Amino acid sequence: MSETYTASITAPVNIATLKYWGKRDTSLNLPTNSSISVTLDQSDLKTTTSAMTCSSFTKDRLWLNGEEDLQLSESKRLTQVLANLRLKRKEKEAKDASLTKISSWFIHIVSINNFPTAAGLASSAAGFAALVACVAKLLQLDDDMTELSKIARQGSGSACRSLFGGFVAWEMGEKSDGSDSKAVEVAPLEHWPQMKACVLVACADKKDVSSTSGMQLTVKTSDLFQKRITEVVPERFEQMKKSIMDRDFELFAELTMKDSNSFHATCLDSYPPIFYMNDTSRKVVRLVHTINAFYGRTIVAYTFDAGPNAVLYYLEENEEKLMSFIYAMFKDLSGWESKYNGEQLSKFLKNFEEQKLLDTLSLDMDIVKGCSRVILTRVGPGPLDTDDVLINQEGLPKFTK
Ligand SMILES: Nc1ncnc2c1ncn2[C@@H]1O[C@H](COP(=O)(O)OP(=O)(O)OP(=O)(O)O)[C@@H](O)[C@H]1O
Ligand SMILES: C[C@@](O)(CCOP(=O)(O)OP(=O)(O)O)CC(=O)O
């Protein structure tokens, strides 16, 4: 077999606290507003991607979760991302004649998500971040993550934020060529490692309106949207960055919840309206406000992406307070035992019962019926090198379905 080059990487999911919703340029994937997110820990949710290039490959190919994905391999998103990465390699080769001209070789990519794909858990964000970071490593590019984020953005907007750990901003930029629309670190994970997240995965089929088409319907038809992008988000963007820098959880949480509500309001204001949240999502919103009212301060925030799953952000110091409610109500779901021992779980239940929360607060215990599992995680790092190689010597997946 001819000479080959291989690289592997893992990348995280990110969940926005200030939502990206709307494109001003669909081809370059330029947004109508800046956004902010928290990167989640790869011990719980991650994409692993391996890539190989070889002079004898005859086309670019991609396998996702053990199956060749022809639709994605031939998509404009993937072709554009690979073309941009190759261009960078080509520029490098032009400057240094000793480099092998791998920019003209085809690439095989094998990727696995350790969580459900296309189920509202930001697989496209982790997936394209992993792909860009992996191919950049394969082609030995020297570009930093901000530079690479301009390419990841073209795969899926939210992917640009998964190139950093901790707290991340996607600055919308102003230029028509997209050269200033990029992801930057607001603060590393070490700045506020106490930030935790609890994902309540709602029982739901695949969403009927994709983010990509949903946001363009909103851009075209919602009046509320104009106010959101010109007034609401620009102000919130600065306030949220400050709340992160100051580690001001109450402000961070309030802005996060308000922004989720504002984003879903513009969906409802689209014509015809788009519904991403369901009855269970709304029950979670009510529950979070009840918990905060019970403690007399904001200890937990909710946020919802383009689907019914709830992501709750909270600080480690308030874990027992929060879980005394959440565990008692969602204990029948899977996902608890890997994070807490029996003693801790009993303590949560005891608090719930001793404080007579059920009797005093008229809680809706049926809420659990609308959820399928809980994922307990926290803020985490950006893409990481890995020894987990998913591609074999022939450039085919080591594991197939
Ligand atoms: N590991 C991966 N590598 C490359 N592309 C991926 C990967 N995982 C997912 N994708 C792409 O992202 C698509 C799923 O994106 P989609 O926006 O529908 O769902 P999601 O990102 O899981 O949910 P949401 O955007 O609502 O959070 C897949 O069909 C595939 O094209
Ligand atoms: C609601 C969101 O999750 C929307 C994410 O949209 P995508 O990044 O999936 O959209 P495309 O750029 O069209 O691929 C909010 C967010 O992550 O900021």
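Scoring rules and cut-offs
Residues numbered from 1 in each chain as written. Chains lettered and ligands numbered in written order. Predicted model: local features only at pLDDT ≥ 70, side-chain atom pairs only at ≥ 80, totals over all residues. Heavy atoms only, no water. Phe/Tyr/Trp six-rings, centres within 6.5 Å; stacked < 30°, edge-to-face > 60°. Helix = DSSP H or I, 4+ residues; strand = E, 2+ residues; numbered from the N terminus. Buried < 20%, exposed > 50% of the residue type's maximum accessible area, 1.4 Å probe, protein only. Near = heavy atom within 4 Å. Polar contact = N/O pair within 3.5 Å; in protein donor to acceptor, adjacent residues only side chain to side chain. Areas by Shrake-Rupley, 256 points an atom, 1.4 Å probe, with all protein chains shown as cover. Nonpolar A, V, L, I, M, F, W, Y, C, P; charged D, E, K, R; others polar. Domains from an automatic or database assignment.

**Observations regarding the packing of aromatic side chains**
And step 1. Counted by the stated rule, this structure contains 17 aromatic pairs.
And step 2. Plain terms: the ring middles of Tyr 295 and Phe 325 are 6.0 Å apart, the flat faces sit at 80 degrees to each other, and that makes the pair edge-to-face. Of the two residues, Tyr 295 sits in helix H8 (residues 279-295) while Phe 325 sits in helix H9 (residues 319-330), which places them 30 residues apart along the sequence.
And step 3. We classify Tyr 295 as buried; its relative accessible area is 18%.
And step 4. Note on Phe 325: relative accessible area 0%, which makes it buried.
And step 5. An aromatic cluster is present here, built from Phe 167, Trp 192, Phe 249, Phe 252 and Tyr 313 joined pairwise through their rings.

**Observations concerning the site of ligand 2**
And step 1. Around ligand 2, a shell composed of 18 residues is seen, among which Tyr 20, Lys 23, Ser 156, Gly 157 and Ser 158 lie nearest.
And step 2. Here Asn 29 contributes a side-chain N or O atom positioned 3.2 Å from an oxygen atom of ligand 2.
And step 3. Contacts to ligand 2 include Ser 156, whose side-chain N or O atom sits 2.7 Å from an oxygen atom.
And step 4. When ligand 2 sits alone it has 460 Å² of accessible area, and the protein chains cover 94% of it.
And step 5. Broken down by element, the shell around ligand 2 gets its largest block of residues, 3 residues, from helix H5 (residues 211-221).
And step 6. The residue makeup of the shell around ligand 2, split by class, is 6 nonpolar, 7 polar and 5 charged.
And step 7. Composition of the shell around ligand 2 by domain shows at least three residues from each of domain 1 (4-188) and domain 2 (195-378).

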